[in-house]
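Observations on the model geometry
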Amino acid sequence: MNALTGFMRRLGRRDLGDPTKLEDLFLMVDDSGWRAARVMYSGSAEAVEVKEQSGAPRADANAATPIEAVFADVARNLGNPRGIGRIHILLDDPGGAYIDLLKENLASAGQQVMNAYCAELVGQPRVCWARARLAGDETRGREAQVLGAQGMVTLNSYLTRLEENVTKVSRLVPVLDMMRRHLVAGGETEPIAGLYVAERHSHLLMLHPGRGGVVSRRVPLGRGDLVDAIRDDMGVEANEAASMFYEHDLLSGVSPSDDSSDMTTSAVARAIGPKVRRFIAGLAETLDYFETQRALGRPSTLKILGSERRLLGLSELLGKALAMEAVDEEFDPFLAFRALALDDGMNLLSEMSADLQIGSVSYRMHHGSILSVGDIAREAKLREREPVSGNDIRGRKPRRRGGRRSRAIEIESSLFARFFSSGNGTSRAAGGGTGVDQAAQDRQVGLLAILVILAAGYFGYLEIEDRERRLRGDINTMGQTYRENVDLKKNRDEATRAITRGGEIDKVLWTEKFLSLAENMNESMWLTDVYLEVNNRTIGESEIEEKKLIIQGAVLPSTDGHILQIAEFVERLEEDKLGFMDDFREIVFDGAFLDRGESDAVVRFTIEARYDAKKRQAVASAKPSARGSTLGETTKKVEERNKAQEQAIGGGTQQ
């Protein structure tokens, strides 16, 4: 296997590798959860094995939006990422845009104009986008086009959660595009309307394929919201409420226009009636906008799209309320997405106004995959050096460009030439090509061994140089971050002194907690996740809220014993000078296991610090007041605290 093939396989690229060795991961994400399917293909590109998963995110204090929490939950449940070749994402994001391009200047506009237009749609300066024909094939035409767009700041926050798997993402398709493909599959030319009801929201999509008009609206009401209304209003368990809703027609008792009849019907109608009427009003407003403001006509039929967990009685209720025919139609966007050809569908990653910036690394789309800018440059260099046939090498003159790399290429070319020329000459000398001298064979083997050693050293040098360049960039970034943290720390201390002038502040100082974690780790240890977990439990007749800080990390195995290193880490936290334990009752070890999925085996561990709200008050009362201390004692405490924080920022405890 040559260097280029090995490099491409390490990136998960299948164009130079065996397509039967890797899996494709199909992933659907919205603000309520995720569905995934890992598909293994046969040599004929036919799916031979499908493994499905699904899940909903747990509480994640680091997530700014629900969808970020879902992506983080996906990353935790992916299993072995090495077996995944490509990741295809079907995204349902309220911040995205999906609109028609009726204007002639936009239908044929260039990339710069489209970047500015999409930036205005999503409200972000950098965007990724794609356009397709409203009906028929996916080629770009001048008429009946539909546009999908997504802000890249938002996309950065999502893909960052996938960590090392970000380079395997090859497609990002909006859910509305799958609805559009389903609605126009029959070749209709008149107005069409489709309604897809999800767990926490619904999508109404209206199309006029003949005129090229598209109107979409996301309504903030889904199946789960109606189930929650029954649970809260009637005081039943969640499972019981869901069973009632999905097994019985509870919508027929709701009046679509007023709530007077609800008071005389059932408790269910009173519970869900207001939500259902607001839902119907939103649909009616959008239908009127499509008909009057856009002058695209009124659809005669509303197709209610769904498969599992269908809402019984919804089609009858909407048909009566909207004065149009409403029919149920089988449709699962995730199954439709998996049925697409691997190069089909609206891919929002096809056009980017700038590079993706995830952490300190820049990425861009390259040959159907997201790759770092450094890897793209390295691939281009490897393609330039990809070996050709022996005759071409023997007849080619080496290029002299100066420097150590050029010299290495010249040595490699000369060795190839000597190897092939000596072999041919020996054959001719040995009786017209009928025999081969043993000494010549030994010489060829020796030259080949030297060639292999030089090639390995050369590519090793390139690898070290690339890593050194990345390390220098990371060091510069860390230095800048350190300086920013020093300024923030100074501002924070001034604000804290102003607040606590009349007494101790009564809250958890999380900055100091994270500084303590960084200070007390050794060089062979790192953290993978830190989050706050809240559990409610009942003791007797009282309900108690229990909070725990979950600390997940990893440590390299050692001859001293990884459990000993973890125990010493816990002991250092318990005796921490910055007061890590001031807010926690105890800190306990919750287990460890050996993870062989990484390139080097690591031991992953979990530690729990159990929060105690009363302990801070006890610690504060036990400590002497700052006003009663002498100037020398106060100065000494400040110096010790600053020294501990600077050591934590500078790299942790030296072992």
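Computed from a prediction, not measured in an experiment: that's the story for all the values here.

To continue, consider the overall build of the protein. Helix and strand content of the protein: 19 helices and 21 strands. Across the 655 residues of the protein, 42% fall into the buried class. Contacts in the protein between residues far apart in sequence, at least 24 positions, make up 64% of those at least 6 positions apart. Entry remark: accessible area of the protein is about 34400 Å², with carbon and sulfur atoms responsible for 51%.

Where helix α7 (residues 223–234) meets helix α8 (residues 238–247), the closest approach of the two axes is 9 Å, and the angle between their N-to-C directions is 120 degrees. As summarised for this structure, α7 and α8 are arranged oblique, according to the angle between their axes. When you trace α7 past α8, the crossing you get is right-handed. Across the interface between the two elements, Arg223, Leu226, Val227, Ile230, Arg231 and Met234 of α7 pack against Ala238, Ala241, Ala242, Met244, Phe245 and Tyr246 of α8.

With antiparallel pairing, four strands are arranged side by side in an open sheet as β5-β7-β6-β14. The open sheet terminates on both sides in strands that have one partner only, identified here as β5 (97–101) and β14 (351–352). Here strand β6 (residues 127–133) runs beside strand β7 (residues 145–151); their pairing, made up of seven bridges, is antiparallel. Looking at the pairing, Val127 lines up with Gly151 of β7. Together, β6, β7 and β14 form the strand contacts of helix α5 (residues 152–160), whose direction differs from that of β7 by roughly 60 degrees.

Once that is clear, we can look at the pattern of salt bridges. One pass over the structure, following the stated rule, counts 24 salt bridges. Arg76 is the salt-bridge partner of Asp73, the closest N and O atoms lying 3.7 Å from each other. Here Arg76 and Asp73 lie together in helix α2 (residues 66–76), a separation of three residues that amounts to about one turn. Residue class for Asp73 comes out buried when judged on its relative accessible area of 8%.

Here we take up the packing of aromatic side chains. Tallying each qualifying case throughout the model produces four aromatic pairs. Taking the centre distance of 6.4 Å and the plane angle of 85 degrees together, the rings of Tyr196 and Phe331 count as edge-to-face. One end of the pair, Tyr196, is in strand β9 (residues 192–197); the other, Phe331, is in the loop between β13 (325–330) and α11 (333–339), and 135 residues separate them in sequence. Overall, the relative accessible area of 5% leaves Phe331 in the buried class. Seen from their ring centres, Phe580 and Phe584 are 5.3 Å apart, and the 40 degrees between their planes marks the pair as tilted. Across this residue pair, the class does not change: Phe580 and Phe584 are buried. The residue whose ring lies beneath Lys513 is Phe580, and the NZ or CZ to ring-centre distance is 5.7 Å.

Take the environment of Leu221 next. The residue Leu221 is located in the loop between β11 (213–219) and α7 in this model. Separated by 23 residues in the primary sequence, Leu221 and Ala198 have C-alpha atoms spaced 8.3 Å apart. What Leu221 contacts, discounting residues up to four positions off in sequence, is Arg200, His201, Ser202, Leu226, Lys275 and Phe279.

Examined against the element boundaries, Lys303 turns out to sit in strand β12 (residues 301–306). Here Lys303 falls in the buried class, since its relative accessible area comes to 16%. In this structure the C-alpha to C-alpha distance between Lys303 and Asp328, which are 25 residues apart in sequence, comes to 6.0 Å.

The next point concerns the sheet that holds strand β10 (residues 202–208). Here we have five strands laid out as an open sheet, ordered β11-β10-β9-β12-β13, and mixed in their pairing. Each edge of the open sheet carries a strand with a single partner, namely β11 and β13. Taking the axes of each pair of neighbouring strands and ignoring which way they run, one obtains an average angle of 20 degrees across the sheet. Where β9 lies against β12, four bridges are found, and the strand directions are parallel. The residue of β12 that forms the bridge with Ala193 is Leu302. Relative to the sheet, helix α10 (residues 314–322) contacts β9, β12 and β13, its axis offset from that of β12 by approximately 155 degrees.

The next point concerns the nonpolar core. If you look at the biggest cluster of nonpolar residues, it comprises 60 residues, and the most contacted ones within it are Phe71, Ile89 and Leu159. Residue contacts for Ile89: discarding those within four places in its chain leaves Leu27, Phe71, Leu159, Leu162, Val169, Arg171, Leu172, Val173 and Phe337. Counting residues in each nonpolar core, the second largest holds 41 residues, with Leu226, Ile230, Phe279 and Leu317 among its members.

A contiguous patch of negative charge, built from Glu568, Glu571, Glu574 and Glu575, is present on the exposed surface. With respect to the helices and strands, the residue Glu568 is situated in helix α17 (residues 562–574). With relative accessibility at 31%, the residue Glu568 sits in the partly exposed group.

To continue, consider the state of the cysteines. For the coordinates displayed, the defined rule picks out zero disulfides. Left without a disulfide partner, Cys128 is nearest to the cysteine sulfur of Cys118, which lies 9.0 Å away. Of the residues examined, Cys128 reaches a relative accessible area of 0% and is grouped as buried.

Rules behind the numbers
- Residues numbered from 1 in each chain as written.
- Predicted model: local features only at pLDDT ≥ 70, side-chain atom pairs only at ≥ 80, totals over all residues.
- Heavy atoms only, no water.
- Helix = DSSP H or I, 4+ residues; strand = E, 2+ residues; numbered from the N terminus.
- Buried < 20%, exposed > 50% of the residue type's maximum accessible area, 1.4 Å probe, protein only.
- Contact = heavy atoms within 4.5 Å.
- Areas by Shrake-Rupley, 256 points an atom, 1.4 Å probe, with all protein chains shown as cover.
- Axes fitted to C-alpha atoms, helices over the stretch in contact; angles between N-to-C directions.
- Parallel < 35°, antiparallel > 145°, perpendicular 65-115°, else oblique.
- Left-handed = near helix turned anticlockwise from the far one by under 90°.
- Pairing = 2+ DSSP bridges.
- Salt bridge = Lys/Arg side-chain N within 4 Å of Asp/Glu carboxyl O.
- Phe/Tyr/Trp six-rings, centres within 6.5 Å; stacked < 30°, edge-to-face > 60°.
- Lys NZ or Arg CZ within 6 Å of the ring centre and 35° of its normal.
- Core = buried A, V, L, I, M, F, W, Y, C linked by side-chain atoms within 4.5 Å.
- Patch = residues over 30% accessible without salt bridge, like charges linked within 9 Å, V, L, I, M, F, W, Y side chains within 5 Å.
- Lys, Arg positive; Asp, Glu negative; His and termini not counted.
- Charge placed at Lys NZ, Arg CZ, Asp CG, Glu CD.
- Disulfide = S-S within 2.5 Å.

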